[in-house]
Amino acid sequence: MPVEDKVKINIIRLKNVLPENRTIKLIYYIKPIIGEEEIKTTGNISLKQQGNILLAENIYAEDVEKNLCFASSSEKIKSFTGNKKSFIGSGDIASPDALNKISLNNENSIGQTPCIAMELEINLKEFESKEIVLLFGEGINQEEIYKYIEKYSEPAKAQKALQEVKQFWFDKLKNLCYNAIKM
């Protein structure tokens with residue numbers, strides 16, 4: 001998490017160790033609660049795709065800001081779902097039915113128990129390595145969300161943000177430890 005922005009950045013490193021091309025299905029799953037509590041948001045979260053971004057909002061929120069949640073990736077989103085029941089099916093969170101489907105159903109979450117699940121299809125050539133960036137965050141509007149995606153969706157930019165966060169915490173803890181020793 002960058003110090004100044006409301007976005008969670010995941011950097012995943014994949015490596016094909018075989019002498020053949022491979023295609024990997026990667027699913028990013030989030031259980032959103034947009035508001036005070038899960039009971040008040042269930043059935044009220046709208047999930048829609050705009051390009052390579054999934055936007056989620058609590059459409060009936062009255063007592064909270066109407067911030068948008070988003071999920072995105074450095075890779076193209078192949079499919080998505082906002083329906084937790086469709087995603088889990090008769091399985092469980094450790095082994096959801098969605099893993100055995102050709103693609104997710106691109107379903108909104110209105111009236112459903114919500115989730116945000118996006119499927120990526122990653123093609124790796126023989127012995128190829130690749131970094132994938134997954135983003136999940138919140139913005140006050142779409143402009144702010146686009147700013148976050150521009151700022152963090154490329155692997156090099158995400159790595160830079162990671163180094164900045166590590167340096168921030170190193171500096172904070174260094175001063176804290178130094179002052180503790182002086183006492």
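Just so it is clear, the model here is predicted, and its values are computed rather than measured.

Our focus in this paragraph is the sheet that holds strand β1 (residues 7-15). Reading across from one edge, β1-β8-β5-β4-β3 is the order of the 5 strands in this open sheet, with antiparallel pairing throughout. Edge positions in the sheet fall to β1 and β3 (45-50), since each has one partner strand and no second. Within the sheet, the average angular offset between the axes of one strand and its neighbour, ignoring direction, is 15°. Sheet analysis places β3 next to strand β4 (residues 53-58), joined by 6 bridges and oriented antiparallel. Considered in β4, the bridge of glutamine 49 is made with leucine 54. Of the strands in this sheet, β1, β3, β4, β5 (68-73) and β8 (129-139) are in contact with helix α3 (residues 142-152), which crosses β8 at around 155°.

A separate point is the state of the cysteines. Tallying each qualifying case throughout the model produces 0 disulfides. Left unpaired, cysteine 69 is separated from the closest cysteine sulfur, that of cysteine 115, by 13 Å.

In this structure, asparagine 106 takes a positive phi of about 55° despite not being glycine. Its place among the elements puts asparagine 106 in the loop between α2 (84-88) and β7 (114-124). Look at asparagine 106 and you get partly exposed, because its relative accessible area is 42%. Even without being a glycine, phenylalanine 127 presents a positive backbone phi close to 60°.

Take empty space enclosed by the protein next. Taken as a whole, this structure holds 1 cavity of 30 Å³ or more when the rule is applied. In this structure, the largest cavity encloses a volume near 40 Å³. Lys31, Pro32, Ile33, Glu38, Thr42, Lys84, Thr113 and Pro114 are the residues that line the largest cavity. In the lining of the largest cavity, the residues fall into 3 nonpolar, 2 polar and 3 charged.

As a further point, take the environment of threonine 113. Among the structural elements, threonine 113 can be located in the loop between α2 and β7. Among all residues touching threonine 113, those that are not within four sequence positions of it are Thr42, Gly82, Asn83, Lys84 and Lys85.

This part is about the sheet that holds strand β6 (residues 77-83). Taking strand neighbours across the sheet as the criterion, the 3 strands line up as β2-β7-β6 in an open arrangement whose pairing is antiparallel. A strand with exactly one partner marks an edge of an open sheet, and here the two such strands are β2 (22-30) and β6. The average undirected angle you get between the axes of adjacent strands in this sheet is 20°. Here β6 pairs with β7 via 5 bridges, running antiparallel. Paired with phenylalanine 80 across the strands is methionine 118, a residue of β7.

Our focus in this paragraph is the confidence of the model for the protein. Across the protein, pLDDT averages 89, with 93% of residues at or above 70. Element-level mean pLDDT values for the protein span from 74 in helix α1 (residues 38-41) up to 96 in β1.

Tallied over the full model, the rule gives 11 salt bridges. The salt bridge partner of lysine 78 is glutamate 121, with a shortest N-O separation of 3.2 Å. Here the residue lysine 78 occupies a position in strand β6, and glutamate 121 occupies one in strand β7, the gap between them amounting to 43 residues. We classify lysine 78 as partly exposed; its relative accessible area is 36%. Where lysine 157 meets glutamate 150, a salt bridge forms, and the shortest distance between an N and an O atom there is 3.3 Å.

Rules and cut-offs
- Residues numbered from 1 in each chain as written.
- Predicted model: local features only at pLDDT ≥ 70, side-chain atom pairs only at ≥ 80, totals over all residues.
- Heavy atoms only, no water.
- Pairing = 2+ DSSP bridges.
- Helix = DSSP H or I, 4+ residues; strand = E, 2+ residues; numbered from the N terminus.
- Axes fitted to C-alpha atoms, helices over the stretch in contact; angles between N-to-C directions.
- Contact = heavy atoms within 4.5 Å.
- Disulfide = S-S within 2.5 Å.
- Buried < 20%, exposed > 50% of the residue type's maximum accessible area, 1.4 Å probe, protein only.
- 1 Å grid on protein atoms, 1.4 Å probe; cavity = no way out; pocket = protein on both sides within 12 Å on 5 of 7 lines; lining within 4 Å.
- Points joined across faces, edges and corners; volume = space filled by probe spheres on them.
- Nonpolar A, V, L, I, M, F, W, Y, C, P; charged D, E, K, R; others polar.
- pLDDT = per-residue confidence, 0-100.
- Salt bridge = Lys/Arg side-chain N within 4 Å of Asp/Glu carboxyl O.

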